[in-house]
Amino acid sequence: MTTPLWNIYGHTWAAEQLRRALLNGRIRHAYLLLGAESVGKETLARTFAMALNCLDDDPAARPCGQCRICQQIASGSHADILYSQVDATSGALKIEEIRTLAGRLALKPYDARYRVAIFRDFDAAQPRAQDALLKTLEEPPPHALLILLAQSPEAVLPTITSRSQVLPLRPVPTAEVERALLAHGADADKAALLAGVCSGRIGWALSALADETLLEQRTNALDLLENALGQGRAGRFSLAEDLAKEKLALYPLLELWGSYWRDALHLCVGSELPIANRDRADHLRRLTQLITQDDAVAALRATQQMVGTLDSNANVRLALEVMFLDYPGLGR
Ligand SMILES: [Zn+2]
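Residues numbered from 1 in each chain as written. Predicted model: local features only at pLDDT ≥ 70, side-chain atom pairs only at ≥ 80, totals over all residues.

1. Points about the overall build of the chain
So, step 1. Helix and strand counts for the chain stand at 16 helices and five strands.
So, step 2. The C-alpha radius of gyration of the chain comes to 22 Å, within 12% of the 20 Å expected for a compact globule of 332 residues.
So, step 3. Considered along the principal axes of its C-alpha atoms, the chain spans approximately 70 × 45 × 30 Å.
So, step 4. The proportion of buried residues among the 332 residues of the chain is 39%.
So, step 5. If you take every contact in the chain between residues at least 6 apart in sequence, the share linking residues at least 24 apart comes to 70%. (Helix = DSSP H or I, 4+ residues; strand = E, 2+ residues; numbered from the N terminus. Rg over C-alpha atoms; globule rule 2.2 N^0.38 Å. Buried ≥ 20, exposed ≤ 12 C-beta atoms within 10 Å, placed from the backbone. Contact = placed C-beta atoms within 7 Å.)

Written out as C-alpha cells, the structure is:
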C-alpha cells in the first residue's frame, strides 16, 4: 500500500501546495488552516513545520521523518515549534497566551531554520485577542512562521485572514480514512466501522483506534440523545441540568448530535447520500417514520444554535432546555 505525500491522508492538495511553496522558496509568513474538529489541521501544520526544518540534504525529500529535528517535532519536543494552549476552564484562547507566543516567536530560532508558532483553536479567541497578533503578521520576524488553526472562517478577523494563506480542509472521504486506519494497523472491520462513523474527522478515527474509550463515549452520547427523544419535558430538563455542568464536553457532543439530525434529514427526504452514523441506521429509520422533514430541520437548527450559544456567555442550562424543546417528541 502506498502512502500519500507527507503521509497526509485526504488533504493531498494542501500538502502539495505547501511543498511547492517550500521548493520554490515562496513560503508565506502566515497560514490559516480551516476545517472541522479533528479533520487533520494540526497534523498538517506539524508536518509542514517538519518539512521546513528537516535536516535531509535533498529539499524534495523533506520531511524525512527520521532526522533528529523531524523526530523532535513529531513528538512535540522541539524548542522552536510553539503551540498555543487554550484556557482550561473557559476553553478560550486568551490574549495573554497570544502575546506570550508572539513574543517567543520573535526570538531567533534555537537550532531550526524557522521558528513556527501553531495557534490551536484560533477562532476560540476573542477579536481583541486576535488583534494582538496583527503587529506580528504585519511585520513578521524573518525566521518566523505562524500557522493558525480554526474551525470556521466567520470567527476569524478579516484583517487576520487577509494576511494569511488560507487552506480550507474538507472532511476526509470515508475510503481515505479507511486506508489510513489500515495503514495504522486496524483490522478491516474496525477500519470500516471507525471510518463510517467519524464524519470525515480522520484525527478522531485514528485516536479512536488507539483509545477504545472514544468509541464508547460516542455510543453513550448517542444513547443519551435517543433516550432523550423518548422523554417528556421533565426528563429532558433534568438531562439539560446534567449536561450544563460540563460546558467543554458539549462541543463534541453537539457536533455528534448535529450529524445525527443531518442523517435524519437525509433519510426524511429520501437522499441517496450515505448517512454518517451507520451503526445507528435502524434507530434513525424508525425515527424518521415518526417525524417530518420540518422536525429534522428544526432539531438540526436548534443544535447548531446551541453551539453558537456556547461561544457566548449565555446560560447554558437554559439554552439546552430551549434546544430540547425544539427536538421532536416521540413518547409523549
Ligand atoms: Zn528530517
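2. Some words on helix α11 (residues 212-229)
So, step 1. Taking 1.5 Å of rise per residue, 18 residues should cover 26 Å, and α11 covers 27 Å from first to last C-alpha, within 8% of that figure.
So, step 2. Along α11, the residues classified as buried are R218, L222 and L225. Down the axis, α11 shows its buried residues gathered within 55° of arc, on one side only. Across α11 from its buried face, at more than 90 degrees, point the exposed residues E212, T213, E216, N220, D223 and N227. (Expected span 1.5 Å × (residues − 1). Arc of directions from axis to C-beta.)

3. Here's the deal with the pairing of strand β4 (residues 144-150)
So, step 1. The element β4 is extensively covered by neighbouring structure, given that seven of its seven residues are classed as buried.
So, step 2. Of the two faces of β4, the one holding A144, L146, L148 and A150 and the one holding L145, I147 and L149 are both buried throughout.
So, step 3. Across five bridges, strand β1 (residues 30-34) lies against β4 in parallel orientation. Bridging across to β4, A30 finds its partner in L146.
So, step 4. Inspection of the sheet shows strand β3 (residues 115-119) paired to β4 by five bridges, in the parallel sense. Across the sheet, the residue bridging to R115 is A144, located in β4. (Pairing = 2+ DSSP bridges.)

4. Things to note about unusual backbone geometry
So, step 1. Backbone torsion omega between R62 and P63 reads 0°, so that peptide bond is classified as cis.
So, step 2. When you line up the elements, P63 lands in the loop between α2 (41-53) and α3 (68-74).
So, step 3. Phi angles above zero are rare outside glycine, and W6 is one such case at about 60°.
So, step 4. Inspection of the secondary structure assignment puts W6 in the segment before α1 (12-23).
So, step 5. Using a count of 22 C-beta atoms within 10 Å as the deciding quantity, one classes W6 as buried.

Purely geometric numbers; function is a separate question.
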